[in-house]
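Chain by chain, the residues run as shown.
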Amino acid sequence: MRSPNSRKPSYVALVEKIELHVEKNEVKVRVLWYYRPNDLYHGRQNFYGERELLLSDRDDVQSVETIEGKCIVHTLDDFMELKCIREHDYYCRFEYKVHSAVYVPERADVYCLCNKAYNPDVLMVECEKCNDWFHSECIGMTDGEVKKLEHYFCSACSSRDEEVNGDEVDDDEVNDVEVAAPKRRRTG
Ligand SMILES: [Zn+2]
Ligand SMILES: [Zn+2]
């Protein structure tokens, strides 16, 4: 939806209802606003992805004229499945209560040594033993190095193995290392 400030990006809202105001011959839409992480009370934290939106409880009535176009707000899981991300693809995993600045859910699953919520824009690698996911940076590797890994065991799992008997992992029993790569973007 059109922002009153033309230099700012468009607003995103969930249309709840379309109302016809007969007396004024106007069509209005009742909406719930989506917030961009930058607009939040706490500001943008580094686990927010570039395409993340939070569904707020702030409702509003707007003229149908302010609608610029349609976009799709996916769940995070569906967003991860997208083959390519178009300009109008977003995802939402949190709701945001504007007056109390409370997030729903209040906690998200956290990963890695840094205990951060998942950010689909950042490359992660899965430990084949504990199945936790790790950022390249947090394990002291580059994205390029991580993509070339054939197996990955996090430092906790590696040292635990050594304590037992230094067993070599049987190659037949482990799957190839899984890497969650940031999606390739296509704009326009
Ligand atoms: Zn990390
Ligand atoms: Zn591990």
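Small disclaimer: the values here were computed from a predicted structure and weren't measured. (Residues numbered from 1 in each chain as written. Chains lettered and ligands numbered in written order. Predicted model: local features only at pLDDT ≥ 70, side-chain atom pairs only at ≥ 80, totals over all residues.)

K.L.:
I'm lost on the overall build of the chain in this one. Help?
P.N.:
Each helix and strand in the chain was counted, giving 3 helices and 11 strands. The linear arrangement of helices and strands in the chain, starting from the amino end, is β-β-β-β-α-β-β-β-β-β-β-α-α-β. Among the 188 residues that make up the chain, the fraction classed as buried is 17%. A fraction of 52% describes how many contacts in the chain between residues 6 or more apart in sequence connect residues 24 or more apart. (Helix = DSSP H or I, 4+ residues; strand = E, 2+ residues; numbered from the N terminus. Buried ≥ 20, exposed ≤ 12 C-beta atoms within 10 Å, placed from the backbone. Contact = placed C-beta atoms within 7 Å.)

K.L.:
Any chance you could explain the nonpolar core here in plain terms?
P.N.:
For soluble globular proteins, nonpolar side chains are generally found buried alongside one another. By size, the foremost hydrophobic cluster in this structure holds 14 residues, and its most contacted members are Ala13, Trp33, Tyr34, Tyr35, Leu53, Leu54 and Cys92. Within the residue set of this core, elements represented by two or more residues are β2 (26–35), β3 (52–63) and β5 (89–97). With 5 residues, the top contributor of residues to this core is β2. Here Ala13 is in contact with Met1, Val31, Leu32, Trp33 and Tyr34, once residues within four sequence places are set aside. Of all hydrophobic cores here, the second largest spans 10 residues; its members include Cys112, Val125, Trp133 and Tyr152. (Core = buried A, V, L, I, M, F, W, Y, C linked by C-beta atoms within 7 Å.)

K.L.:
Hey, could you run me through the sheet that holds strand β9 (residues 124–126) in this one?
P.N.:
Strands in a sheet are paired, the pairing made by backbone hydrogen bonds, and the direction either parallel or antiparallel. If you walk across this open sheet you meet the 3 strands as β10-β9-β11, and the pairing is antiparallel. On the outer flanks of this sheet lie β10 (133–135) and β11 (179–180), each paired with one strand and no other. Bridge count for β9 against β11 is 2 bridges, and the pairing is antiparallel. Its bridge partner being in β11, Met124 is matched across the sheet by Ala180. (Pairing = 2+ DSSP bridges.)

K.L.:
Even after reading the chapter, I still don't get the pairing of β3, so can you show me in this structure?
P.N.:
On a regular strand, each side chain points to the face opposite its neighbour's, so the side chains alternate between the two faces of the sheet. In this sheet, β3 lies alongside β2 in antiparallel orientation, the contact comprising 7 bridges. Note that in β3 the partner of Tyr35 across the bridge is Leu54. Both β3 and β5 contribute to a ladder of 5 bridges, which runs parallel. The residue of β5 that forms the bridge with Glu52 is Tyr91.

K.L.:
I keep staring at the environment of Asp39 and nothing clicks. Help me out?
P.N.:
Residue placement: Asp39 occurs in the loop between β2 and β3. Taking the C-beta count within 10 Å as the criterion, Asp39 has 16 such neighbours and is therefore assigned partly exposed. Along the backbone, Asp39 and Leu54 are 15 residues apart, and their C-alpha atoms lie at a distance of 9.8 Å.

K.L.:
Would you mind going over the environment of Asn119 with me for this structure?
P.N.:
Tracing the backbone through its elements, the reader meets Asn119 in the loop between β8 (116–117) and β9. For Asn119 and Glu52, which are 67 residues apart along the polypeptide, the C-alpha to C-alpha distance reads 9.2 Å.

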